[in-house]
Every structure is written in C-alpha cells, then in structure tokens.
Amino acid sequence: MTIAMGGWLERFLGRGTASVTVPPLDGALKPNSYLEEAPPGFTVAAPDNLALLDGAPVWSSGAQLLKLNGDKPSPFATLQSDVTALACSDAGLIAVACEKHGIAILDRDGKPAITALRDGGKYTCVTALAFANNDTLLVCIGSTDNPLSAWQRDLLEQHRAGQLLRIDLKSGEVKLLANKLAFPNGVLADKDGSIIVSESWATRLIRLGSDGRMSAQLIEDLPGYPARLARAARGGYWLTVFAPRSPLIEFVLREPKYRRAMMAEVAPENWIAPALRSGQSFHEPMQGGALKQMGILKPWAPTRSYGLVVEVNENFVPIRSLHSRAGGRRHGITSAVESGGRLWLTSKGGDEVVTINL
Amino acid sequence: MATTSTLAKLRYRFVPDHVIGELLSKKWIDNAIPFLVLLCVVSLFGSLIPNFFSGSNLAIQARELGEFGLVCMAMMLVIVVGGLDLSVGSNFALGNFMTLALLNLAGWPVWLAIPAVVLICGGVGFINGFLIGYLRLRAFLTTLVTLIIVRAIVDMLLLKYSKAMSVSFYDSTVWDLIGLGGVGGVPSSFIILVVVALIGHILLTRSRPGWRAMAIGGSRRSAHNIGLSVRGTVCAAYTISGMLCGLSGVLYAARLGGAGTDTGMGLEIAALTAAVLGGNSLGGGRGSVVKALIGAVIVQVMTNGVLRIGMNSGSGPMVLGLTLLLAVFIDVRWLKNRDKLLSKVYVSPTLVELPTPRPTDAEKGGALALNDRLREVEIIGLDEVESPEDVILDENDYLYCGTRHGDIVRFSPPHYKEWEVYAHIGGSPLGMAFDKAGDLLVCVGGMGLYKIDRDRNVIKVTDETNRSAFSVVDDSRLRLADDLDIAPDGKVYFSEATIRYEMHDWPVDALESRGNGRIICYDPNTGKTHTAVRKLVFPNGVCLSHDGQAILFAESWGCRINRYWIAGPKAGTVERMVDQLPGYPDNINRASDGTYWCAIMGMRSPALDVALRMPSFRRRMARRIAPDQWLYPNLNIGCVIRFNDKGEIVESMWDKGASNHPMITSMREHKGWLYLGGITNNRIGRIRLGDWADKTWSGYRSYWGARS
C-alpha cells in the first residue's frame, strides 16, 4: 500500500523513479567534432561489425563481409542473410551471425570451416560475438523476445531478455552463462578470463566471471546506449555508443499508454526512440531545441541519433571521446577496432567506415 | 486508429485546465494562502466558541474590527513603501485622548473635533515621514522614538486631565451613532472601515500615487532613478498612516468614551502581525488593502477567540506568535515556488484528434506529392534579413519584409540586391497588406496593428479589442497579431494567433492546440476594434477571397483552412474549406488565376499526432522535461500549396532535400514570380512561376484595381 502510494506520488510529482535525468556529456565525454571532421572513409551501406582478421580490419555490410583490397574495400564472403555480428579468432576462424540463419564459422577465405557447432541456425538476434580463445565462442543474444530488426521495440517495451552463451567449438557444448540481460550488445573476453558485456538498455558495462556470475558493474549510467567493445592500444578499451539517451525518450519510457499507441500506429522509423540516423524525413519526431534558426541547426540540439566512441582506460574511466553531433553524418557507431595507430569505426547510420589516425 | 473515449473528450471540452495557470499568473493569487489561513481560523474558533456566528457577536467583532482594521491599513501603507511604523499604538492612544479632550473639555463639536484629531495624528505621522523620508533616518529607530515620546506625552496629558475628563460626559446623537449605532445593524465603525478600504484600494492599485508607492517599496533606487519623488512619497505615506491611526483613535473613543494608560498598548505588534499574516512583504513593494484586512480579521478572531475559550492570558500572544511563524514560513515558500509552479502548470494541453493527413509520398503522386521544385529558388538578401515572416510587393515592384529586429526592410527592383530599412516599428513584424491609399498595414507580434504611410510615418492603428466576458486574464491587449487583410469596405480583419503565449514561444501553443486565438476586426470608419470569431486554433493567414465575400483563414495547429463569410447570405458564419492537411498552414494569399496560395510552415509528425490525443501525456512532458526537449511540430520544413475556391488542392511546391528554402511561412505572387518568406529564415526566396501565371498580375491591382 505504502509502496503503491509512494509510486503514485512519485509519478505525480515527477520525483524518484519518475524523474527524467540524463547524464551530461562532461569531462572526457565533452562534445567535439573529431569524428564528424575526420577525413572521408569508405562509403559502404550500413557497415556494422568490425573485427581484426590476422591484424587487418574486416567488416560486415548487409549480408557481405568486406576487407581492404589495396585501398578499396571488396567483399570476400556473402552470407544468406544480413550479418548481425562478427568475430575473428587468432587462428583465423571467422564467426558470423546472420539475422535469419544463425551462427556460422568460416575460415579466413570465407569458406565454411569444420567445427562441432551444432544447430548454429537456431540462434536469432545475435548482437555480438567474441572468441575467448581459439575454440571458445562467446555469443550475445540481444533479446529472446524480439528479432534484431525490432530492437527499438525491445527498448520501448523494456524487455530484459538478453542472454550470454558460451559455445565450445570442439565439443559443441553450449552453456548459458547469463540470462535476463538488458540487451547485451557487445562482449569481450578479458585477459584474466572474465567477460565484459555492454548492456544497452541498462546503459552500463558489466563484468562477468567465467562462470557467468556478475562480479562488477564497470560503468553505469552512460549518456548513450553502448554497443560493441574493442581493445585499445593504450591498455584500455574502445566503447562504441550507437545512440544517445535523451530526456524525451527517457520520459516516453515512463509512459506506457503513449508508447503502446505510438508503436501501434506509427511506423518504427518515426517512433520517439533512439535511432542510428535521423533527420531523413519530416515524419520523424522533432524536439523544441532542434528548431532551426536562421537556417542553422544547433549542434547541441536534441537528437535521436549521434556518433560517439569513447576510450576508457583499464579501470573503465573515460579518457577520450570522438563525437559526431546533432545534424552530423557519422551517426550510429556500432563497432570500432584499433589497428596500427588507426581507429576504424563503422557508422551504420552514416553508411561509412571511418578511419582516424590517433 | 484507436479512438478516445467520449468521457475524455467531454472532460477536455468542459474542464478549463488552462485557467489554473492563468489564475496563478494573477497578482491577487498571493492572497490565496492568507485567505486559507483566515478560513481555517474562522472555522476553528467558530466551532469552538458557542454563538460565534450570532448576530450580536458579529456586530461586536465588526465594530472592533473597524478600529483595528484602520490601524492595520496604516501599518500596511508604510510597509508597502519599504518602511515600518512602530508608533501606531501611541498615535492611536493620542488620537483617543485628543478626541475625548476636544469634545469633553474643550467642548468642540463632533464635525470639528474629528478632523482636528485626524490632523494632529497626521502631524505625528508627518514628523515620522519627514525624519525618515527627507532626513533619511532609519524607520525602525525613528518610529521607536516617536512611540516612546508620543506615549510619554499621552501619559503626561492623562495625568493632568484624566480626572476632569472622567467627570464630564459628552452627549450628542451623532457621537452615539458613531460609537454605538450603525446602519441597518452594521456598526458605523465597520462602515467607515469599508469606505476607507475601498478608497485606499483604488488609490493603491489604480492611481499614480499608489503605483509610485509600490515602485518605491519595490526598489527605492530604481524608483529614484526613473525620476520618482521618493522622499515626498515616503513622507506622505507616513502622514496618511498617522491620519488613519487618528481616525481609529476617534472610533475607539466613540465606542468606549474613556482614556487609560493602557490604551493602544501592544497595538503596533498586533498590527504588524496582521500585516505580515495578510501577506504584505516586510521588504516593501508587495501589499494591498485586502491583505491588510485579511490579516486584521485573522489576528482579531484569534486574540479574542483564545480569551473567550478561557485559556489563560499568556496563551493569546502565544497562539498569535505561532500562527505568525507558520504564516511567514508558508508565505516564504509560496513566494519562492510560485513562479516555478506557474512555469510547470502553465502549459495545459487539450485533446485533439486530427484527421488522417493527405498523402505526400512522391511515389503515390497527387497534388501534395513531394517534389523538388523549390530547389531552384533564387535567394534574396541572404544573411541580411532575419525572420522575414511575410513578404509583400508594391506596384513599383519594391519588395518589403519584416525582420525580428522590428524593422520593415525594402529591397529595390529589379535585382533586389540593394536594401534599406523602410521603417522601424519594433516588436516582431508579421503579416502585411497594402490598403487602397498605398499605406502598408503590418501586424506586429507583441504590439498590435500598425500602419506605415507613404511618408514612412509609423502609426498605431489598434492594439486592443473588447475584453471577453469570462476571461481570467485581461485578453483585451493584442499579444500576437499575426496576419491581416482588408475588406472592400476598408475593414481590416486580422488574426491573433494565441492569447496565451508571447512572440518568442509561439510554437509552445502547438503543444496545447487549444482554441487560444481569434479573428479581430478593425473598422476604420468608427475607429473601433472588436473580436469577430473566438476560440480558433492558432488562426493565421488571413486572406480576402477573390469575390470579396469571405475571409479565408488557416487554423495552423488544426491543419485546416476555414472561410469566414463577411457578406452575402451566410455572413457571420465560419465553414471548413480544406482539412486533413499534412502540415500546419500559415499565410494565405491570392494567386493570379483565381486560386489561393498557402504556406505550410511545418509538417505533422505521426508521433506528435498520437500525443495530441493524449493531453495528460503532453502535460506531464511539459512538467518533467526542459522546453528544449519537448516534442514539437516539425517547423524545419514545409511547402507551398495552391488551392481553389472549392477547397481542392491544385499543386504543391517542395524543397525535398531541405537544402535551399525549406521553411516557408508566407508567399506572394507578383508579376509571374512567387516570393517566399519564412519566420526562422535568414533569406527571402523567389521562383518563376509556370505559364499559367499572369505575368502582369499584382496583389495591389487584384485588390484595388489600377491606381488612378
């Protein structure tokens, strides 16, 4: 009774759980335009997941896997449906997850490799893959309730239906390491055997032991929804943030009736929800601060999409960040790898693979 | 599409949510807390004390209140100018003594004695006022000194004359009427209080001296800087305060007919308590007669009530003190949070169910299909004009537009590269029209309807209309005159987009989508302005139909265009002409082939359309998140449409890539060109029209014919 009353009072006064707060971009996260102003990269339709194969970047775009051939990207493998996640092992194995056809293991030329993986096709909504070692694959299932294409619905309906699996490629054994995760969207096996997972809807990074038990919350209350992770040369990690949090979206997340009506009547690309790109159509929702004045959109205007990649040190303290702000092109950064002093980024919203000299 | 329940519709139709914000923005709402305390006190003691509401008790209380209320008003007056008067009690005692002395000992008649006493006490007040106002002594110390000295004088006089006074008795019917009688059961002292209060209220709130007193109390230095006579006003306030004390003393004398050393003892504390309880700010500048009287009633009911309940003598002041503490606490919190509360509750959305918009998809075709025709727009005055909401051309092809700096800028033909400030009005010039004489009429946001004659003189045409009967806020002033047109008989019809928002936050009105606007008519023959149509949803874009029989106007947030008949059989009625628009229509103007142009200033977004059906969602949004984050109509991109008298849309012109001239609030056809203005733009655009357009057609000739 008291709790019900308290909840009602909080909603009435907008306090406690009903208060809408979004952490500011502050300190090392202070906005800049390094990402937006980086030199032109490779124009590729919806590039998604970067990985290092024998030290060279490969990435997915639609159902294709691409790598650099000279200084032009060229496809070296084509899958049956859109690739949703990609990982490479030191031994040159490529793990690929497709939207409709599950997980497959390829060799470095893109030919199917022989492993003990059984029923690879049953996995859906795979958001990230990582090799813990040459025989062990870590798999993030974003949501067991929704397909990956309905990720916005998964957020708006506030599902916590993500899973982390470990697949032994030698024996074919599958172990469910963690359950009920809030859309795990990035995974990395750390040196000590523990596993780092980014939980998008919880806007945090967590560390799990090799048995899957959560041992620490590494970063909490991020200003955006985290995606995939990569090692940085300075000893820390690169964390990509694929969309920003905004007070309006946080508010809508507290309004179930409106959310239901919106999802029922409005096309998904026009929802009040985070997006990989925005400003494409006048049917998209607009917020007050995004009203152009004298033909100019302010870079601090509220936006549904943003480009952000953050370098954190080994203690997960942010030390630098690269931004593409409101109105920019390089939005929806879904993965990053560092290779030879250069940072490679996929801007899924901006249809571009960007490289930045660090 | 899900439908909203009838109950919710009725609720939003009949419950006036917006009144809460309007009430909170009124000045007198400050009295709400003291008034609540008053109600509590009266009901508490009314229930505790038997016969509290009986006629005799009320009469006694009212008679005493007559005296005490006057003293409280005296205190309130000096507090309002930023001072304090501790000598009211002594002055009151002096008034009482002098009345008795003049009547009983000197044998003066009543009509002479009363003014004399008022003047004597006014003299004491004048001394205070002179010392504080002119010699700049501290109010607290000065009045403390007069408190002591006047009290001493009264005591000395009492010592000398009390014996003589106690044996004599003044007998007069007038005197008895004042002291014991009344009119129709209402005691005379109460009647006097009411009369004085009414005069005081009018003086303080409706007269120059009253406003000056308030200004001085609010900020002495600013008042001095703007040239008010601070010293004189302060002195006058103390003098009037003294006179009120004197009058109160007279009434006391008439009621009791005796003078003692304890007369008026502690009265200054009671009066000060009452003034503060009523909500008069000790800092000055905030106070009213009503506040003083509310405080007076509270204090009197409490002090008398505590005694009558039978509590011991110390408990009266104790209860008073605790109440004062509570009242001050609540008052401080109220003052601090009132504006916060107002800003949170002012936006009060209502339920709107917009019909499904007509399709705009490029693939599906149709009159509204997206195209790129505005990409070829020629740009005029890039970065030289800001906010050209409307553009207009005269017969000599000069191009005029308003800017957000309050200027009317004129570009010269044929290339429109050179420009000059044609006239400076101020405010935000919006819609424009030429009258028959060639004078330029301009709707100015924040100011009203203005005219620039051919000698470039700026003349105010009108800035107010008749006030609506049941409005909380004064809606007679024009806040956001938006667009106008001139009927053949010379009457000017113009729209006021909203009466609830100022120029700089007009898009917030879209969050409400209530009928906050109106169409107003100015008649140059009588010089009168009256409201023609009320409760319109952001009326905008007024245009006289080609036959001169009707005024077309857009209801922006309603996404529709209406026709208001001004002549013919349907005169005075409004009918729907175009609806289901995919965006928010703005200015409407005539086209050369007998159709009409309409600017669509922004596009509907489906997410906002859903929110429009859920007013409580929008209300919470307005409270919880910052205005910058509010869901807005998309005013970054729009288009131009052309429609005919039957309400059919003929064509549309878009800037699909939003690269050249996406934001449009107005357009004018002139000699084969279409000129475009946009309120958030830094440019004007023009585009050559197709062969259908009459290359000789101009707006002026369409209205007034070729100039003779």
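Starting afresh in each chain, residues are numbered from 1 along the sequence in its written order. Chain letters and ligand numbers both follow the written order, the letters beginning at A and the numbers at 1. At least 70 in pLDDT is required for a residue's local features to be given in this predicted model, at least 80 for side-chain atom pairs to be given and counted, and no such filter applies to totals for whole chains, interfaces and linings, which use all residues.

Caption draft 1: Focus on the overall build of chain A. Counting from the N terminus, the helices are DSSP H or I runs at least four residues long and the strands are E runs at least two residues long. Of regular secondary structure, chain A possesses 5 helices and 24 strands. When its C-alpha atoms are laid out on the principal axes, chain A stretches across 60 × 55 × 40 Å. Our exposure labels follow a C-beta count within 10 Å of each residue's own C-beta, placed from the backbone: buried means 20 or more other C-beta atoms, exposed means 12 or fewer, and partly exposed covers the counts in between. Burial statistics for chain A: of 358 residues in total, 48% are counted as buried.

Caption draft 2: Representation of the domain arrangement of chain B within the structure. Segmenting chain B into domains produces domain 1 (17–49 + 57–343) and domain 2 (373–463 + 476–704). The distance between the C-alpha centroids of domain 1 of chain B and domain 2 of chain B comes to 56 Å. Each domain's limits were defined by an automated method or a database of domain assignments.

Caption draft 3: Spotlight on the packing of helix 13 (residues 267–277) of chain B against helix 15 (residues 315–345) of chain B. Residue and element names in this part refer to chain B. Contact geometry of helix 13 with helix 15 gives a least axis separation of 9 Å together with a crossing angle of 30°. Judged by the angle between their axes, helix 13 and helix 15 are roughly parallel. Taken as a pair, helix 13 and helix 15 cross one another with a handedness that is left-handed. The segment helix 13 lies against helix 15, with Thr-273, Val-276 and Leu-277 engaging Leu-320, Thr-323, Leu-324, Ala-327 and Val-328. Polar here means any residue other than Ala, Val, Leu, Ile, Met, Phe, Trp, Tyr, Cys and Pro, which are nonpolar, and Asp, Glu, Lys and Arg, which are charged; Gly is therefore polar. In the contact of helix 13 with helix 15, the residues fall into 6 nonpolar, 2 polar and no charged. Axis definition: a line fit to C-alpha positions, over the contact stretch in the case of helices; interaxial angles, taken between N-to-C directions, run 0 to 180 degrees. In what follows, roughly perpendicular refers to angles from 65 to 115 degrees, roughly parallel to angles under 35, roughly antiparallel to angles over 145, and oblique to any angle outside these ranges. We call a crossing left-handed when the near helix sits turned anticlockwise from the far one by less than a right angle, and right-handed when that turn is clockwise. Placing a C-beta atom from the backbone of each residue, one calls two residues in contact when those atoms lie within 7 Å.

Caption draft 4: Focus on the packing of helix 9 (residues 188–206) of chain B against helix 14 (residues 289–309) of chain B. All names here are of chain B. Axis separation between helix 9 and helix 14 bottoms out at 9 Å; the angle between their running directions is 140°. Taken as axis vectors, helix 9 and helix 14 run oblique relative to one another. Contacts between helix 9 and helix 14 involve Ala-197, Gly-200, His-201 and Leu-204 on the former and, on the latter, Val-289, Val-290 and Leu-293.

Caption draft 5: Region of the structure containing the interface of chain A and chain B. Tallying the contact residues gives 30 residues for chain A and 32 residues for chain B. Secondary structure elements with two or more residues in the side of chain A that touches chain B: helix 4 (247–252), helix 5 (256–265) and strand 19 (286–287) of chain A. The element that contributes the greatest number of residues to the side of chain A that touches chain B is helix 5 of chain A, accounting for 5 residues. Of the residues in the side of chain A that touches chain B, the class split is 16 nonpolar, 9 polar and 5 charged. Strands are labelled as partners when DSSP assigns at least two bridges between them. For strand 19 of chain A and strand 22 (residues 631–632) of chain B, the ladder comprises 2 bridges, and the chain directions are antiparallel. Residue pairing across strands places Met-286 of chain A opposite Tyr-632 of chain B, the latter belonging to strand 22 of chain B.

Caption draft 6: Representation of the pairing of strand 10 (residues 448–452) of chain B. Residues and elements named next belong to chain B. Here strand 10 lies mainly inside the structure; 4 of its 5 residues are buried. Summarising the sheet, strand 9 (residues 440–445) and strand 10 pair through 5 bridges and their orientation is antiparallel. Residue pairing for strand 10: Leu-440 is matched across the bridge by Ile-452. Joining the antiparallel neighbours strand 9 and strand 10 is a turn of 2 residues, in which Gly-446 adopts a positive phi near 90°. Across 4 bridges, strand 10 lies against strand 11 (residues 458–462) in antiparallel orientation. Each residue of the ladder has a partner; that of Ile-452, found in strand 11, is Val-458. A loop of 5 residues connects strand 10 with strand 11, the two strands running antiparallel in sequence, and Arg-456 in this loop sits at a positive phi of about 65°.

Caption draft 7: Representation of the sheet that holds strand 12 (residues 481–486) of chain B within the structure. Residues and elements named next belong to chain B. Strand order in the open sheet made by the 4 strands is 12-13-14-15, with antiparallel pairing throughout. With partners counted over all chains shown, the strands left at the sheet margins are strand 12 and strand 15 (528–536), one partner each. Across this sheet, the average inter-strand angle for adjacent strands is 20°, counted without regard to direction. In the sheet, strand 12 pairs with strand 13 (residues 492–496) via 4 bridges, with the strands oriented antiparallel. Bridging from a neighbouring strand, Leu-484 pairs with Phe-494 of strand 13.

Caption draft 8: Region of the structure containing the sheet that holds strand 22 (residues 333–339) of chain A. Spatially, 4 strands are ordered 1-24-23-22 (chain A) in an open sheet, and the strand pairing comes out antiparallel. On the outer flanks of this sheet lie strand 1 (42–43) and strand 22 of chain A, each paired with one strand and no other.

Caption draft 9: Representation of the confidence of the model for chain B in the model. Summary statistics for chain B give a mean pLDDT of 90 and a share of 99% for residues scoring 70 or more. Here the predicted complex scores 0.83 on pTM and 0.91 on ipTM. The quantity known as pLDDT measures the predictor's confidence residue by residue, on a range of 0 to 100.

Caption draft 10: Fine view of helix 14 of chain B. Residue and element names in this part refer to chain B. A helix is expected to span 1.5 Å multiplied by its residue count minus one. Look at helix 14: 30 Å from first C-alpha to last across 21 residues, which is about the 30 Å you get at 1.5 Å a residue. Counting buried positions along helix 14 yields 16 of 21 residues, so the element is predominantly enclosed. Positive backbone phi, at 100°, marks Gly-310, one or two positions downstream of helix 14.

Caption draft 11: Here's a closer look at unusual backbone geometry. The omega angle of the peptide bond from Pro-413 of chain B to Pro-414 of chain B is 0°, so this bond is cis rather than trans. Along the chain, Pro-414 of chain B turns up in the loop between strand 6 (407–411) and strand 7 (419–424). Although it is not a glycine, Cys-125 of chain A adopts a positive phi angle of roughly 55°. Turning to its location among the elements, Cys-125 of chain A is positioned in the loop between strand 8 (102–106) and strand 9 (126–133).

Caption draft 12: Structural view of the environment of Leu-430 of chain B. All names here are of chain B. In this structure, Leu-430 sits in strand 8 (residues 428–434). A count of 30 C-beta atoms within 10 Å places Leu-430 in the buried class. Counting along the chain gives 52 residues from Leu-430 to Asp-482, while the straight-line C-alpha distance between them is 5.7 Å. Apart from the residues within four sequence positions on either side, Leu-430 is in contact with Glu-389, Asp-390, Gly-402, Cys-443, Val-444, Gly-445, Ala-481, Asp-482 and Asp-483.

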